[in-house]
Amino acid sequence: MHCSKFPLFRLRQLLLVALLTTCFGVSTVLAPTRVAAQNLPVLGDADRAALSPIMERKVGEEVMRDIRRDPDYLNDGPLLEYLNDFGNTLVAARPAVRGEANFNFFFFAIRDPVLNAFALPGGFIGVHSGLLLAAQSESELASVLAHEIGHVTQRHLARMLGQQKNDSMIALASMLLGALAMRGSGDAGAAIMMGGTGFAMQRQLSFSRDAEREADRIGVAILGEGGFETTGMVAFFGRLQAASRNYSDAIPPYLLTHPLTTERIADIEARIRDQRYRQRSDSLDFQLIRARARVLQDSSEKGLRDAQLIFENQLRLNIKPQTVAAKYGMAFVALKQRAYEKAERLLKEANAAAAPDKPSLVLTDLGIEIKSAANQTGEALKSVTAALDQFPLSRSMAHQYANALIANKQPAQATVYLREQAQLYRQDADIQDLLAKAYAAQGKQALQHMALAESYALMGSLPAAIIQLDIARKAPDAQFYEQAVIDARERELKERWKDEQADAKDR
Ligand SMILES: [Zn+2]
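Since this is a predicted model, take the numbers as computed values, not measurements.

Let us look at the nonpolar core. When a protein is soluble and globular, its nonpolar side chains tend to lie buried together. The biggest cluster of nonpolar side chains holds 77 residues, and the ones touching the most others in it are Leu141, Ile149 and Leu363. Among the elements that line this core, the one with the most residues is helix α16 (residues 320–336), at 10 residues. Setting aside residues no more than four positions away along its own chain, Ile149 makes contact with Gly87, Leu90, Val91, Val97, Phe105, Phe107, Ile125 and Ile222. By size, the runner-up hydrophobic cluster in this structure holds 25 residues, among which are Leu361, Leu388, Leu405 and Ala451.

We now examine the packing of α16 against helix α17 (residues 340–354). Taken N-terminus to C-terminus, the directions of α16 and α17 make an angle of 165°; their axes are 8 Å apart at the nearest point. With respect to each other, α16 and α17 are oriented roughly antiparallel. Every pair of crossing elements has a handedness; the one defined by α16 and α17 is left-handed. Residues Lys320, Thr323, Val324, Lys327, Tyr328, Met330, Ala331, Ala334 and Leu335 of α16 form the contact with α17, whose participating residues are Tyr340, Lys342, Ala343, Leu346, Leu347, Glu349, Ala350, Ala353 and Ala354. For the contact of α16 with α17, the residue count by class is 13 nonpolar, one polar and four charged.

The N-to-C vectors of helix α3 (residues 77–93) and helix α5 (residues 138–153) enclose an angle of 65°; their axes lie 10 Å apart at closest approach. With respect to each other, α3 and α5 are oriented roughly perpendicular. Between α3 and α5 lies a crossing of right-handed hand. Facing α3, whose interface residues are Tyr82, Phe86, Gly87, Leu90 and Val91, α5 presents Glu138, Leu141, Ala142, Leu145, Ala146 and Ile149. Tallied by class, residues from the contact of α3 with α5 come to nine nonpolar, one polar and one charged.

All chains considered together, the criterion is met by nine aromatic pairs. Between Phe105 and Phe107 the ring centres are 6.2 Å apart and the planes differ by 20°, which places this aromatic pair in the stacked class. Here Phe105 matches Phe107 in class, with each residue buried. Each residue in the set Tyr73, Phe106, Phe108, Phe118 and Phe124 is aromatic and connected to the rest through ring pairs, giving one cluster. A cation over a ring is seen here: Arg292 above Phe332, with NZ or CZ 4.3 Å from the ring centre. The ring of Tyr425 carries the charged tip of Arg395 above its face, separated from the ring centre by 3.4 Å.

The next subject is helix α23 (residues 445–458). With 14 residues, α23 ought to run about 20 Å at 1.5 Å a step, and its terminal C-alpha atoms sit 20 Å apart, in line with that. Within the sequence span of α23, burial applies to Ala446, Gln448, His449, Met450, Ala451, Ala453, Ser455 and Ala457. Trailing α23 by a residue or two, Gly460 shows a phi angle of about 85°, which is positive.

As a further point, take helix α10 (residues 209–225). Its 17 residues give α10 an end-to-end C-alpha distance of 24 Å, which sits within 8% of 24 Å, the value for a rise of 1.5 Å per residue. Burial of α10 is extensive: 12 of the 17 residues sit out of reach of the surface. Directly after α10, the chain includes Gly227, whose backbone phi takes a positive value near 80°.

Each value, and the rule that gives it
Residues numbered from 1 in each chain as written. Predicted model: local features only at pLDDT ≥ 70, side-chain atom pairs only at ≥ 80, totals over all residues. Heavy atoms only, no water. Core = buried A, V, L, I, M, F, W, Y, C linked by side-chain atoms within 4.5 Å. Buried < 20%, exposed > 50% of the residue type's maximum accessible area, 1.4 Å probe, protein only. Helix = DSSP H or I, 4+ residues; strand = E, 2+ residues; numbered from the N terminus. Contact = heavy atoms within 4.5 Å. Axes fitted to C-alpha atoms, helices over the stretch in contact; angles between N-to-C directions. Parallel < 35°, antiparallel > 145°, perpendicular 65-115°, else oblique. Left-handed = near helix turned anticlockwise from the far one by under 90°. Nonpolar A, V, L, I, M, F, W, Y, C, P; charged D, E, K, R; others polar. Phe/Tyr/Trp six-rings, centres within 6.5 Å; stacked < 30°, edge-to-face > 60°. Lys NZ or Arg CZ within 6 Å of the ring centre and 35° of its normal. Expected span 1.5 Å × (residues − 1).

In structure tokens form, the structure reads like this:
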């Protein structure tokens, strides 16, 4: 199966540099956490040694910047939108999970057939495409995500990292990298860890039993309050354990980082005994996203053929959501094979099979993708304009709309729309990237680099943002007014950067 490797060594270097620049000169005096813990139990008094929430987020953003550049990061609109809608529903089911750090959670997927999910510092939660495929219901997917949310809420990573000695912030980097490298065969990760700081590192990778139990406790509570089937947790963890017997050479990463003991399973069973049994029906989008993940997981010629066979078998089940998902998957395969008419026809069949359910964002999105890929820019724009009325809150649809305007040679209209969106969604870095693209299409260099600066700033990369402002200032079309805006913004960002450096010193 296709499984390209993480460019680990490059990543490692980058991360070391990043950590050295943000954490150099870390003093032994630890600042108390900024926000008082609210009705959340903590693990002993280890809390004093935790990274501050600001530092934790910084470390998470550093790692995310590299993950986002990785070819195996699934930068896929519908998939990201589904995961974040779903993940944030879990967070909202139990608002206390935002905890003392109050992070904005971000959920993402990595192309990798191995069953795994992981939490990075700062509220970033990743799942492998293989795990999406293995989850048989939304309750099962929820059980893994809710458990990871529990680790973030209880600040297990912040404590683990915070307890590193002064001189071992480097060890912190290898630890995170080791964890990331554990995906795939596991060999690469093990090698890095051995080559790094030795066996001790590998042990620190996994959470303690107490931490696991705490994450399970939060996870079960989220599932209960979110209306999910709590039995899904036991079923899925049991399946993970069973799957581990198929790996002859290594324990699957998920079990390595989240040791699963019989005791832990018994503990979860005891917790869910008090909750009443409920049945929950999955959304159609869940099945569609799994079909999409199957195609994205391996888009090689052979991979597409394999996926096609699986979808054909799925059709034989003759169960409605499975039929819709299979047709959708086959349409997506056809799109990847550039057979646009076939893709269009299969998608029509998927839509017919889905009726009269409420319109699906994932189905609608594929229609627009097919038209865009087939260079029917006018048609694509028409579809996405209609879709925006149906899904006014969809971020991926908003991005599609701007893209369709630019593709249809209407960058000025795109600019107007994107500036409005930038006001409404101030945290959306993609909007700033699209804005830069729209300005570039109009030859507006100063504005293009100003937008890029905002994108970098939103991703937590202030030095890169400041560099973009400098490029903008030197652009031939930078007028007096822009110069003034650039100067003011640069002062702001430099001030923020100075504050962050100070934070890093007395984290
Ligand atoms: Zn865990």
